[in-house]
Amino acid sequence: MILTNIEAVPGKKIIDHFGIVAGSTVRAKHFGKDLLAGLKNIVGGELKSYTELLHDSRKQATERMIEQAKELGANAIVNIRFATSSVAQGAAELYVYGTAVKVR
Amino acid sequence: MKLIIAVLLTMVGFVVGRILEAKHYKSIKASEKELLYLPILNINKDTLDDNEIDKTQMVYGSVVISIDYFKRFLAGLRKIFGGEISSYETLIDRARREAILRMKEMAASMQADVITNMRVETSIIGKRANKGGVGSVELLAYGNGITIRK
């Protein structure tokens, strides 16, 4: 599966087009990790546990999108965009969407 | 008692936060120099010839960063008169540069030669920064890593 965030796949030609595919996941923070992050908040800086959490969730959302594209028979997804929104206190939604295409 | 704790935490934030920031800037500058060979073109039409391109793959990097107690205090003071809050600026700047660097590192690990169509996104993760919750921002950089045929 080729993933790009431009409108085409460089060096290849789009021969078929399957519309929008998307993947999303809603994640809540782990209580213990939240506590540690709260302590880290005193001195500021990177919150590694959160970075990791978001990285993993984004990967999962991407995998779901790829799964959907595979079912349609696509072999590439173009024009991918990421979006993040906090749906509730302590929970975030990660959303990935793109256009499934077949390239040659 | 509460006031003493607040003052103490602010002082800890000031000292440790400052040291950490200096250290972080040093590491950012070092890695930026190291990854200078990998250019980022912020255009979405590739100027490269189609036959030259070997492989395309998406690359991304992200950082979650939070503010320290001293900076929050400074920003609180600043809000009275308005104007530039430089303590927040360095924080976001650090995070953004780090996110771009992580994206570049991912591109380097995939032997990409150039990154096109880079996008940077900022999102708020914790909202209750001044009510005892964890206030943090996520910086996400993503783009398209292109490998040139040799």
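Here the structure is shown first, and the text comes after it.
Reading guide: rules and limits
Residues numbered from 1 in each chain as written. Chains lettered and ligands numbered in written order. Predicted model: local features only at pLDDT ≥ 70, side-chain atom pairs only at ≥ 80, totals over all residues. Heavy atoms only, no water. Contact = heavy atoms within 4.5 Å. Salt bridge = Lys/Arg side-chain N within 4 Å of Asp/Glu carboxyl O. Polar contact = N/O pair within 3.5 Å; in protein donor to acceptor, adjacent residues only side chain to side chain. Helix = DSSP H or I, 4+ residues; strand = E, 2+ residues; numbered from the N terminus. Nonpolar A, V, L, I, M, F, W, Y, C, P; charged D, E, K, R; others polar. Pairing = 2+ DSSP bridges. Buried < 20%, exposed > 50% of the residue type's maximum accessible area, 1.4 Å probe, protein only.

Asker: Can you tell me about the interface of chain B and chain A, naming the residues and giving the values?
Answerer: When the parts come together, some accessible area is lost, and that loss is often what is quoted as the size of the interface. Every contact between the two is made by 44 residues of chain B and, on the other side, 33 residues of chain A. At the junction of chain B and chain A, the tally comes to two salt bridges. For E138 of chain B, the salt bridge goes to R58 of chain A, with nearest N and O atoms at 3.1 Å. Here chain B and chain A share eight residue pairs in polar contact (both at pLDDT 80 or more) between them. Of all the elements, strand β2 (residues 53-66) of chain B adds the most residues to the side of chain B that touches chain A, at ten residues. Partitioned by chemical class, the residues of the side of chain B that touches chain A number 18 nonpolar, 15 polar and eleven charged. Relative to β2 of chain B, strand β3 (residues 45-46) of chain A runs antiparallel, the two being bridged by two bridges. Looking at β2 of chain B, one finds that G45 of chain A is bridged to S66 of chain B.

Asker: Could you give an account of the pattern of salt bridges, with specific residues and numbers?
Answerer: Applying the stated criterion across every chain yields a total of seven salt bridges over all chains. Ionic pairing is found between R102 of chain B and E46 of chain A, a salt bridge with its closest N-O pair at 2.9 Å. Here R102 of chain B, found in helix α3 (residues 86-109), pairs with E46 of chain A, found in strand β3, and the two come from separate chains. Taking relative accessible area as the criterion, E46 of chain A reaches 13% and is therefore assigned buried. Here D54 of chain B and R149 of chain B are joined by a salt bridge, their closest N and O atoms 3.9 Å apart. One end of the pair, D54 of chain B, is in strand β2; the other, R149 of chain B, is in the segment after β4 (136-148), with 95 residues separating them in the sequence. Of the residues examined, D54 of chain B reaches a relative accessible area of 44% and is grouped as partly exposed. Counted as one network, the salt bridges with shared partners bring together E46 of chain A together with E98 and R102 of chain B.

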